[in-house]
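Observations on the model geometry
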Amino acid sequence: MDFIDYIQKYKGQHIFIQTHNFPDPDALGSAYSLAGLLAHYDIETTLCYDGRIDKLSTRKIMEEFNMEIFSKDQLIDMNENSPIILVDSQKNSGNVTDLIGNEVACIDHHPTIVDIEYEYKEVQIVGACCTLIAQYFKKYQITPDIKTATALLYGLKMDTNNFTRGVTDADIEMYAYLNQYSDMVLLNRVSCNTLEFSDLS
């Protein structure tokens, strides 16, 4: 099923985008950019997660990209019928909380541990989930704005450990695609000084 054909059913509605617990730059970049993509199709979104966002690298992303994401305890508007798209995670994978809403779709780059029936499922074994979201922008000829492109490029860079881990041809292709739209000054700013004293131990 084509992703854009699928999400048309939610036009004018509200979708929750859930990352894995304790989201990292790839999860945040994927969720943030997917929200921008869905906004292009008149779909409102809320980003959400469980756990904490306590690493300097993830806090810097939220500050630099003005990212708004809500913890499980803040989701007062979610009910059992609320549609959820999982990004960088899959239900029953062990690193994502089963929230009260209805997980209708997942977009992930990890192997499937437990087969779950979704309305839509995109699982590719690539270096970063940001690669999959970037592929949507390219496929549907939607030029990402400068912050979206930079967030995707940063998540891709971090999850592949600067392109030294788990890199595939798709990751390299999306790096080249995103590079032309990204802000290198912003990318360098969020990439530098990502360790805190507590990380050294």
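Everything here concerns the structure above.
One structure accompanies this document, and this report is about it. Keep in mind that this is a model prediction, so the values were computed, not measured.

The next thing to look at is the sheet that holds strand β3 (residues 69–71). The strand order β3-β2-β1-β4-β5-β6 describes an open sheet built from 6 strands, whose pairing is parallel. Of all the strands in the sheet, the pair left with one neighbour each is β3 and β6 (120–123). Adjacent strand axes in the sheet meet at a mean angle of 30° when their direction is disregarded. Against the sheet, helix α2 (residues 25–39) touches β1 (14–18), β2 (44–49), β3, β4 (83–87) and β5 (102–108), its axis set at about 135° to β4. Packing against the sheet, helix α4 (residues 129–139) makes contact with β4, β5 and β6, and its axis sits at approximately 95° to β5.

Right, let's get into helix α3 (residues 56–64). Count 3.6 residues to each turn of an α-helix, and residues three or four apart come out pointing the same way. Listed as buried for α3 are Leu56, Ser57, Thr58, Lys60 and Ile61. Where α3 is buried, its residues contact α2, α5 (146–159) and α7 (184–191). In the segment just after α3, asparagine 66 is the residue with positive phi, at about 50°.

The subject of this paragraph is the pairing of β4. Regular strands place their side chains on alternate faces of the sheet. Of all the 5 residues making up β4, 5 are buried; the element is thus mostly covered by neighbouring parts of the structure. The two faces of β4 match: Pro83, Ile85 and Val87 on one face and Ile84 and Leu86 on the other face are all buried. Bridging between β1 and β4 involves 3 bridges; their strand directions are parallel. Paired with glutamine 18 across the strands is leucine 86, a residue of β4. By the bridge criterion, 5 bridges tie β4 to β5 in an arrangement that is parallel. Bridging across to β5, isoleucine 84 finds its partner in glutamate 103.

What counts and how
Residues numbered from 1 in each chain as written. Predicted model: local features only at pLDDT ≥ 70, side-chain atom pairs only at ≥ 80, totals over all residues. Heavy atoms only, no water. Pairing = 2+ DSSP bridges. Helix = DSSP H or I, 4+ residues; strand = E, 2+ residues; numbered from the N terminus. Axes fitted to C-alpha atoms, helices over the stretch in contact; angles between N-to-C directions. Contact = heavy atoms within 4.5 Å. Buried < 20%, exposed > 50% of the residue type's maximum accessible area, 1.4 Å probe, protein only.

Without other data, these values stay purely geometric and don't point to any function.
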